[in-house]
Amino acid sequence: MSTASESPYVQGVHLQRTDENVREIAAFAEVLGEPTGLDGLLADLKYDVRPARVVPRLLGRAVRKAYRWDAYDERDELWYPQGISTSADSSDTEDVGGRKVVVTTWYSTGKDGIKRGSRVTFVDLDSRKYRHVLLVVPVFDKTGRLTLRPMNIHAGGIVWAGSYLHVAATSRGFVTARVDDIMRVAGDDDHPEKFGLEGNRFHSFGHRYVLPVRFTYQAFTDEGHDKLRYSFLSLDRRSEPPALVAGEYAVASGATTRLARYPLDPATWQLAVGDDGFSRPLALDDGGVRQMQGAVIAGGRYHVTVSHGPWMPGTVCAGQPGSMRVRRWALPMGPEDLSYWPSTDRIWSLTEHPRRRWIVAMDRTWFD
C-alpha cells in the first residue's frame, strides 16, 4: 500500500530506541527467579471470558463474535481496556504453541488515589481463560540499588510482533517488552494497593505476573513540525516490508489526526533504522478522522474506530486517509484499538466502558 506522501521516508518526525534494560531485568530476575515466559503464563490462566450473544442493536451491525470479561473486570473502574493485538500478528501460523491468543492493554485510572500504571492481558480463545500481567520498569537508583516503578502510560494500542510487545505511549512514542521476560510473583499478592520491593517480597498491585519493559522508542520532532502522538498502534503484516501503523486521537478542531506507517525489520520485528540511527515513517498522512481510537490496514485500506462516548454505538470509517466512508452503529459504545486476523478476514476490537465491555470480531467484508 502506498500514499502520495512516501518519498521514501518522511522527514519531520522520527523515533529513536533507548538502550536495552539488560542489567536491570537480570537483577529483577535474581529477585523473582527465572522468567516463566509466555508458556508459563498460558499454563496458569485464571479468569474466564464468556461468549456474548451477538445482538446487532447492542453490539453493532458489523460484529460477528463477541466475548465478555469476568464479572469483576467487566465493571472495574480502576482499570480501563485500550489496546488489542493477537497471535495472528505475532506469528505466521496465527497461533502460539497451538493456541489462538488475544492480548489487550489496560491503563490505571487512579480513581482510588493510586496510579497503578498499565498492564497487558493474555486471553486464550480456545480455553476461554485469561490472566493480567503488570508492566513494570526496573531501574538502578544512584546507590546502585534496584528499584521498580509502574509503567505509567495510557497504553492506547499494542502490536504483538514476534516475541515483542510494542505498547503506545502517546507523546513519548512507544515502549517495548518481550514475552520471554514474563515473571511470576511468589504466592498470591493480596495487596492491590501496594507496589515495590520489601526485602525479599515484591508487591505488584495484586498481579501474580509482571513484565519488565526492555526499551523505549522515544518520539522526536524536527523544528517546524508538530510532534506525532502515538495514541494507538497496529501491525500491517502483509505489506513489504511489514509496517507498524500509528495514529493520533484528537478532539479539538485544530489538532492533527495523522496516520503513520513505520517499516519493521521482519528478522527482528523492531523498527528499521537509518544510517543516522533514527526510525522514520514511510508515510505520514493528515487524513485521519476526529476522535479516532484505533486504525488498522486490512484489504488494502484503513479501518478506523470512532467512539461517541459510553452510551452511543461506535463508528468505523473505512478507506484511504482523507476519503473514508463512515459506517455508523458498527460497534458497541466505546470502541478502542484494532487488529486484523487474515485467515478469517476479521477485524478485532474491544470496548472500554464499565458494564459495556466486550472483545469483538467484525467481518472485514461488511465495510466493502
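Data block above holds the structure.
The following paragraphs examine the structure supplied in this document. Bear in mind the structure is a predicted one, so any value in this text is a computation, not a measurement. (Residues numbered from 1 in each chain as written. Predicted model: local features only at pLDDT ≥ 70, side-chain atom pairs only at ≥ 80, totals over all residues. Heavy atoms only, no water.)

## Regarding the packing of aromatic side chains
1) Next: One pass over the full model with this rule turns up 15 aromatic pairs.
2) Next: Relative to F202, the ring of F28 lies with its centre 5.4 Å away and its plane at 80 degrees, an arrangement referred to as edge-to-face. Highlighted residues: F28 in helix α1 (residues 22-32) and F202 in strand β15 (residues 201-204), separated in sequence by 174 residues.
3) Next: Exposure remark for F28: the relative accessible area of 0% places this residue in the buried category.
4) Next: We classify F202 as buried; its relative accessible area is 2%. (Phe/Tyr/Trp six-rings, centres within 6.5 Å; stacked < 30°, edge-to-face > 60°. Helix = DSSP H or I, 4+ residues; strand = E, 2+ residues; numbered from the N terminus. Buried < 20%, exposed > 50% of the residue type's maximum accessible area, 1.4 Å probe, protein only.)

## Some words on unusual backbone geometry
Note: most peptide bonds trans; most residues except glycine with negative phi.
1) Next: In this structure, P241 follows E240 across a cis peptide bond, with omega equal to -5 degrees.
2) Next: Its place among the elements puts P241 in the loop between β17 (232-236) and β18 (243-247).
3) Next: The backbone phi angle of D345 is positive, close to 55 degrees, even though this residue is not glycine.
4) Next: On the secondary structure map, D345 appears in the loop between β26 (335-341) and β27 (346-351).
5) Next: Its identity is not glycine, yet R355 carries a phi of approximately 70 degrees, on the positive side.
6) Next: Within the secondary structure layout, R355 lies in the loop between β27 and β28 (359-363).

## Examining the side chain of T104
1) Next: Relative to the assigned elements, T104 resides in strand β6 (residues 101-108).
2) Next: Here the side chain of T104 touches W106 through a polar contact of 3.2 Å, side chain to side chain.
3) Next: Setting aside its immediate chain neighbours within four residues, T104 contacts W69, G83, I84, R119, V120, T121 and L350. (Polar contact = N/O pair within 3.5 Å; in protein donor to acceptor, adjacent residues only side chain to side chain. Contact = heavy atoms within 4.5 Å.)

## Some remarks on the sheet that holds β28
1) Next: In spatial order, the strands read β3-β4-β28-β27-β26; together these 5 strands make up an open sheet with antiparallel pairing. Looking at the sheet topology across the chains shown, the edges are occupied by β3 (50-51) and β26.
2) Next: Sheet topology places β3 next to strand β4 (residues 63-68); 2 bridges connect them, and they run antiparallel. Within β4, the residue paired with R50 across the bridge is R68. (Pairing = 2+ DSSP bridges.)

## Considering the pattern of salt bridges
A side chain of one charge can pair with a side chain of the opposite charge if their charged atoms are brought near each other.
1) Next: Within the structure shown, the criterion is met by 25 salt bridges.
2) Next: When the shortest N-O distance is used, the salt bridge between E20 and R214 registers 2.9 Å. One end of the pair, E20, is in the loop between β1 (13-17) and α1; the other, R214, is in strand β16 (residues 209-221), with 194 residues separating them in the sequence.
3) Next: Accessibility expressed as a relative area gives 30% for E20, which makes it partly exposed.
4) Next: The class of R214 is buried, set by a relative accessible area of 8%.
5) Next: The salt bridge partner of D368 is R364, with a shortest N-O separation of 3.2 Å.
6) Next: Taken together, the shared-partner salt bridges connect R17, E20, R178, D180, D181 and R214 into one network. (Salt bridge = Lys/Arg side-chain N within 4 Å of Asp/Glu carboxyl O.)

## Quick word on the nonpolar core
1) Next: Grouped together as the largest cluster of nonpolar side chains are 30 residues, with contacts concentrated most on F28, V123, V210 and W348.
2) Next: For this core, the elements supplying multiple residues, two or more each, are α1, β5 (79-86), β6, β8 (129-140), β9 (146-150), β27 and β28.
3) Next: Top contributing element to this core by residue count: α1, with 5 residues.
4) Next: Once residues lying within four places of it in the same chain are set aside, the contact partners of W348 are K65, Y67, I84, V102, L125, D337, L338, S339, W341, I359, V360 and A361.
5) Next: Residues L42, V103, L165 and V179 belong to the second largest nonpolar core, which totals 27 residues. (Core = buried A, V, L, I, M, F, W, Y, C linked by side-chain atoms within 4.5 Å.)

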